[in-house]
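Spelled out from the first residue to the last, the chains are:
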Amino acid sequence: MTDHVVKAITDPSFLIALLVSIAVFATVFTVLPALGGNPLKSRMKVVALEREELRAKQRARLAAEADRRRKGLREEQSIGMRHIVERLDLKRALVDESTLNKLKVAGFRGQNPLTKFLFFRLVLPFAGFALAGVYVLFLGGLPEQPGLVKLFVCIVFAYAGFYAPIIYVSNRASKRKQSIQMAWPDALDLMLICVESGMSIEAALRRVADEIGSQSVELAEELILTNAELSYLQERKQAYENLSIRTGLESVKSVAQALIQAERYGTPVANALRVLANESREMRMNAAEKKAAALPPKLTVPMILFFLPVLFAVILGPAGIQVSERGLF
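Residues numbered from 1 in each chain as written. Predicted model: local features only at pLDDT ≥ 70, side-chain atom pairs only at ≥ 80, totals over all residues. Heavy atoms only, no water.

Across its full length, the protein chain carries 14 helices and 0 strands. The order of helices and strands in the protein chain, counted from the N terminus, is α-α-α-α-α-α-α-α-α-α-α-α-α-α. Sorting the 329 residues of the protein chain into buried and exposed places 29% on the buried side. Across the protein chain, every contact between residues at least 6 apart in sequence was considered, and the portion connecting residues at least 24 apart equals 66%. With an accessible surface of roughly 22,000 Å², the protein chain has 65% of that area assigned to carbon and sulfur atoms. (Helix = DSSP H or I, 4+ residues; strand = E, 2+ residues; numbered from the N terminus. Buried < 20%, exposed > 50% of the residue type's maximum accessible area, 1.4 Å probe, protein only. Contact = heavy atoms within 4.5 Å. Areas by Shrake-Rupley, 256 points an atom, 1.4 Å probe, with all protein chains shown as cover.)

Pasting the structure below:
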């Protein structure tokens, strides 16, 4: 058996096919990011749509004050998904305030993403159970296991399908928070420069969003949306609070509270931004130092498993060859 495996691995045709596969994978992996387009433009387009939607809601609110018979505009959604979600009343059963906040932190806003989230949480458990059932019953999976074990496997797949949307949203939220956290100190520095030069907070947010987009598209999106909310919401306080909720970061929440207090009591915004920018930069440096301090323990096991055997082979290999040539063993 071993001889056949070695022969198959050392076959020139197999090696050529393996090298060609690696070359094709490397080519696709290199070319795909270039074909994906500019993420900043796509995210800015989404923000523009969000801004237009916010403007439409504001016009609808003003019209409702003049005429009580009018109601706010409704978002267009997929008719099938919305019908199922409303028919089963999934919002009452599966949605709470934390779920809505997680969707906002992940970058999903409005009713359409919420409807899709609830629809997939309803459908994926049945899909997972069906796929596991087909594998176990029709494809001969787990042939030596009893029926109770097979049923348990199907239930596990259904359970995984039920929580798959939550895991996806959590992963996307964590990546988005990390991107915003890395660019936030630089954004505060730019905002401080704009405010000290005489710009209003709206113009500063717009300018910072244009400059910080190359570093963090997510942060640029949030700043532009906050700028739009400052223009159209009744209370400016609500715009800053929405920014802290959508990002889910304590540093952003601190800046939002500082801006709220500055507008309420008339204190200079530049002083608060300067202090918070220094704190954010120190927090980012502390996080980097923490990761650097945790690196040596993480490298211990890889060094023992991979580096030390190779090192011993390099050091003791020539001595072993000389001893074997002299016939001592």
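Resuming the write-up.
Counting 34 residues, the largest nonpolar core has W184, M191, I212, L219, L223 and L273 as its most contacted members. Among the secondary structure elements, those contributing two or more residues to this core are α8 (147-196), α9 (201-212), α10 (217-232), α11 (236-247), α12 (250-265) and α13 (269-293). Ranked by the residues each element gives to this core, the list is headed by α8, at 9 residues. Those residues within four positions of M191 in sequence are excluded, and the remaining contacts are I201, A204, L205, V208 and L273. Within the second largest apolar cluster, 14 residues are counted, among which are A106, L118, F119 and V169. (Core = buried A, V, L, I, M, F, W, Y, C linked by side-chain atoms within 4.5 Å.)

A word on the packing of α10 against α11. Two elements in contact, α10 and α11, have axes separated by 8 Å at closest approach and are oriented at 160°. Between α10 and α11, the angle falls in the class roughly antiparallel. Both α10 and α11 take part in a crossing whose hand is right-handed. Along its contact with α10, which presents E222, L225, T226, E229 and L230, the element α11 presents R236, A239, Y240, N242, L243, R246 and T247. Residues that form the contact of α10 with α11 fall into these classes: 5 nonpolar, 3 polar and 4 charged. (Axes fitted to C-alpha atoms, helices over the stretch in contact; angles between N-to-C directions. Parallel < 35°, antiparallel > 145°, perpendicular 65-115°, else oblique. Left-handed = near helix turned anticlockwise from the far one by under 90°. Nonpolar A, V, L, I, M, F, W, Y, C, P; charged D, E, K, R; others polar.)

Quick look at the packing of aromatic side chains now. Here the structure, examined in full by the defined rule, presents 4 aromatic pairs. Ring centres 5.8 Å apart and planes at 70° place the aromatic pair F119 and F120 in the edge-to-face group. A relative accessible area of 17% means that F119 is categorised as buried. Here the aromatic rings of F162 and Y163 are separated by 5.2 Å at their centres, their planes lie at 85°, and the arrangement is edge-to-face. Looking at Y163, the relative accessible area reads 32%, which means it is partly exposed. Over the face of the ring belonging to F162 we find R121, whose NZ or CZ atom lies 4.1 Å from the ring centre. Above the plane of the ring of Y163 lies R121, whose end atom (NZ or CZ) is 5.8 Å from the centre. (Phe/Tyr/Trp six-rings, centres within 6.5 Å; stacked < 30°, edge-to-face > 60°. Lys NZ or Arg CZ within 6 Å of the ring centre and 35° of its normal.)

A few words on the side chain of T99. Within the secondary structure, T99 sits in helix α6 (residues 97-105). Under the relative-accessibility criterion, T99 is labelled buried at 13%.

All right, on to helix α7 (residues 111-138) then. Helical geometry note: an α-helix holds 3.6 residues per turn, so side chains three or four residues apart project in the same direction. Compared with the 40 Å implied by 1.5 Å per residue over 28 residues, the 39 Å span of α7 between its first and last C-alpha is a close match. V123 marks the point of greatest bend in α7, at about 30°, and the proline P125 comes within the next four residues. For α7, the full list of buried residues reads L114, T115, F117, L118, F119, R121, P125, G128, A132, G133 and V136. Those residues of α7 that are buried lie in contact with α4 (79-88), α5 (90-94), α6 and α8. Just past α7, the residue G140 takes up positive phi, approximately 75°. (Expected span 1.5 Å × (residues − 1). Bend = angle between axes of the 7 residues up to and from the residue.)

With that out of the way, let us pick up the packing of α13 against helix α14 (residues 295-325). It is the contact of α13 with α14, at a shortest axis distance of 5 Å, that shows an interaxial angle of 30°. Between α13 and α14, the interaxial angle falls into the category roughly parallel. In this structure, α13 uses K291, A292 and A293 to contact α14, whose residues at the interface are L295, P296 and P297. When the residues that make up the contact of α13 with α14 are grouped by side-chain class, the tally is 5 nonpolar, no polar and 1 charged.

All right, on to the environment of K237 then. Assignment of secondary structure puts K237 in helix α11. As for K237 and I260, which are separated by 23 residues in sequence, their C-alpha atoms are 5.8 Å apart. With near-sequence residues (within four places) excluded, K237 lies in contact with I260 and R264.

Once that is clear, we can look at the pattern of salt bridges. Per the counting criterion, the structure on display carries 11 salt bridges. Between R176 and E222 there is a salt bridge; the shortest N-O distance is 2.3 Å. Of the two residues, R176 is situated in helix α8 and E222 in helix α10; the sequence distance between them amounts to 46 residues. With respect to burial, R176 and E222 carry one shared label: buried. Between R207 and E211 there is a salt bridge, and its shortest N-O distance comes to 3.3 Å. In this pair, R207 and E211 both sit in helix α9, 4 residues apart, roughly one turn of the helix. One salt-bridge network, held together by shared partners, links R109, R176, E221, E222, E229 and R246. (Salt bridge = Lys/Arg side-chain N within 4 Å of Asp/Glu carboxyl O.)

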